[in-house]
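Understanding the architecture of this molecule
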Amino acid sequence: MTTPLYIVDAFTDRPFAGNPAAVCLPDTPRDAAWMQALAGEMNLSETAFLHPRADGDWDLRWFTPAVEVDLCGHATLASAHVLWHEHRQTGPSLRFHTRSGWLTATRHGSDITLDLPADPPEPEAAPTGLAAALGTRPQWTGRWPEGHVAVLEHAAQVRQLTPDIAALTAAGIQRLIVTAPGDRPDQDFVSRFFAPGVGVSEDPVTGSAHCVLAPYWCARLGRTRLTGFQASRRGGVVGVELAGDRVRLTGQAVTVHSGALRV
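Predicted model, so just to flag it, every value in this text is computed and none were measured. (Residues numbered from 1 in each chain as written. Predicted model: local features only at pLDDT ≥ 70, side-chain atom pairs only at ≥ 80, totals over all residues. Heavy atoms only, no water.)

**Points about the overall build of the protein chain**
When helices and strands are tallied, the protein chain shows six helices and 18 strands. With the C-alpha coordinates aligned to their principal axes, the bounding extent of the protein chain is approximately 55 × 35 × 30 Å. Among the 263 residues that make up the protein chain, the fraction classed as buried is 52%. Nonlocal contacts in the protein chain, meaning residues at least 24 apart in sequence, comprise 60% of its contacts between residues at least 6 apart. Entry remark: accessible area of the protein chain is about 11400 Å², with carbon and sulfur atoms responsible for 49%. Taking the average place of the 22 positive charges on the side chains of the protein chain and the average place of its 27 negative ones, the gap between the two points comes to 3 Å. (Helix = DSSP H or I, 4+ residues; strand = E, 2+ residues; numbered from the N terminus. Buried < 20%, exposed > 50% of the residue type's maximum accessible area, 1.4 Å probe, protein only. Contact = heavy atoms within 4.5 Å. Areas by Shrake-Rupley, 256 points an atom, 1.4 Å probe, with all protein chains shown as cover. Lys, Arg positive; Asp, Glu negative; His and termini not counted. Charge placed at Lys NZ, Arg CZ, Asp CG, Glu CD.)

**Here we look at the pattern of salt bridges**
According to the stated counting rule, one finds 14 salt bridges in the structure shown. Put simply, D55 and R53 hold a salt bridge, and the shortest N to O gap is 3.7 Å. Measuring nitrogen to oxygen at the nearest pair gives 2.7 Å for the salt bridge that ties R159 to D183. In this pair, R159 is assigned in helix α4 (residues 155-160) and D183 in strand β12 (residues 176-184), connecting sequence segments 24 residues apart. For R159, a relative accessible area of 24% gives the class partly exposed. (Salt bridge = Lys/Arg side-chain N within 4 Å of Asp/Glu carboxyl O.)

**Here's the deal with the side chain of T113**
Mapped onto the fold, T113 is located in strand β8 (residues 111-117). Given a relative accessible area of 13%, T113 falls into the buried group. Separated by 2.7 Å, the side chains of T113 and T250 make a polar contact. When sequence neighbours within four positions are dropped, the list of residues in contact with T113 reads T104, A105, T106, H108, R248, L249 and T250. (Polar contact = N/O pair within 3.5 Å; in protein donor to acceptor, adjacent residues only side chain to side chain.)

**Focus on the packing of aromatic side chains**
What the rule picks out here adds up to five aromatic pairs. Ring geometry for F49 and F63: centres 5.7 Å apart, planes at 90 degrees, overall edge-to-face. Placement of F49 in strand β3 (residues 47-52) and of F63 in strand β4 (residues 58-63) is noted, with a sequence separation of 14 residues between them. In textbook terms, an aromatic cluster arises when at least three aromatic residues are bridged by ring pairs, as seen for W140, F189, Y216 and W217. (Phe/Tyr/Trp six-rings, centres within 6.5 Å; stacked < 30°, edge-to-face > 60°.)

**Some points on helix α6 (residues 207-221)**
Side chains of residues three or four places apart in an α-helix project in the same direction, reflecting 3.6 residues per turn. With 15 residues, α6 should reach 21 Å at 1.5 Å per residue; the first-to-last C-alpha distance of 20 Å fits that figure. Its axis deflected by about 35 degrees at L213, α6 carries its strongest bend there, up to four residues before the proline P215. The buried fraction of α6 amounts to eleven of the 15 residues, a majority that puts the element mostly inside the structure. Taken together, the buried positions of α6 are occupied by G207, A209, H210, C211, V212, L213, A214, P215, Y216, W217 and C218. The first or second residue beyond α6 is G222, which carries a positive phi of 70 degrees. (Expected span 1.5 Å × (residues − 1). Bend = angle between axes of the 7 residues up to and from the residue.)

**Brief notes about the environment of A150**
With respect to the secondary-structure elements, A150 resides in strand β11 (residues 147-151). C-alpha of A150 to C-alpha of V178: the two residues are 28 residues apart in sequence and 4.8 Å apart in space. Not counting residues within four places of it along the chain, the set of residues in contact with A150 comprises L130, L134, P138, W140, T141, L176, I177, V178 and T179.

**Some words on the pairing of β12**
As paired elements, β11 and β12 share four bridges and run parallel to each other. Bridging from a neighbouring strand, A150 pairs with V178 of β12. Bridge count between β12 and strand β13 (residues 187-195): seven bridges; the pairing is antiparallel. Looking at β13, one finds that A180 is bridged to V190. In sequence, β12 turns back onto β13 through a hairpin of two residues. (Pairing = 2+ DSSP bridges.)

Honestly, it's all geometry; don't read function into it.
Dropping the structure here:
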């Protein structure tokens, strides 16, 4: 028995940039232990598992090498890309049943737009040890249910950041978004994302983080549509649009590997 398995670079229009995700389409449902083992084998920040539903929609689950997560934007984008470009799904939209409820993907030419729940951060004092772990003191700190946000003054600080991951873990910081205003005409804000609590020291481009960033930056800049750049080594572009309690994230994706799993 073989199972289709793809690697897709998400939130980029070229290979070897953006955020790679594995996308697996088992013929029959697999248990969580099997999916977690495959995610560990792939050793990417996320592996997505798709299974068709009787109503024409899709069940979608996401696993890091260490745990199952409630929401992953880049692996959802990668999954939609696979269904349209590798499995020849037709129609302008797809719907996924997930641990975060129903999510949709819509295509417009080479762009894919995801409709995801907004997760605005609330102001909160910085955890003890955060500034020391970052090597700089944030201008503003906040929290959303899954982690912390640190806002720096300049984009260059975000780009040059070399945080002490062990110190973040010791400070009890599971997930951390670091962000600052953009410093280029096509970038309204920049960010990086560190998630030692789920086995990912730094995630290259993080859709779920932009569900947090969009409400913050749209309020601060007084606009509803912005362009974010996640300034990891690979880098990636995420268009964001705030629509009430939802965020629309837009990006592109590229298949870099197509194969079959033989177990």
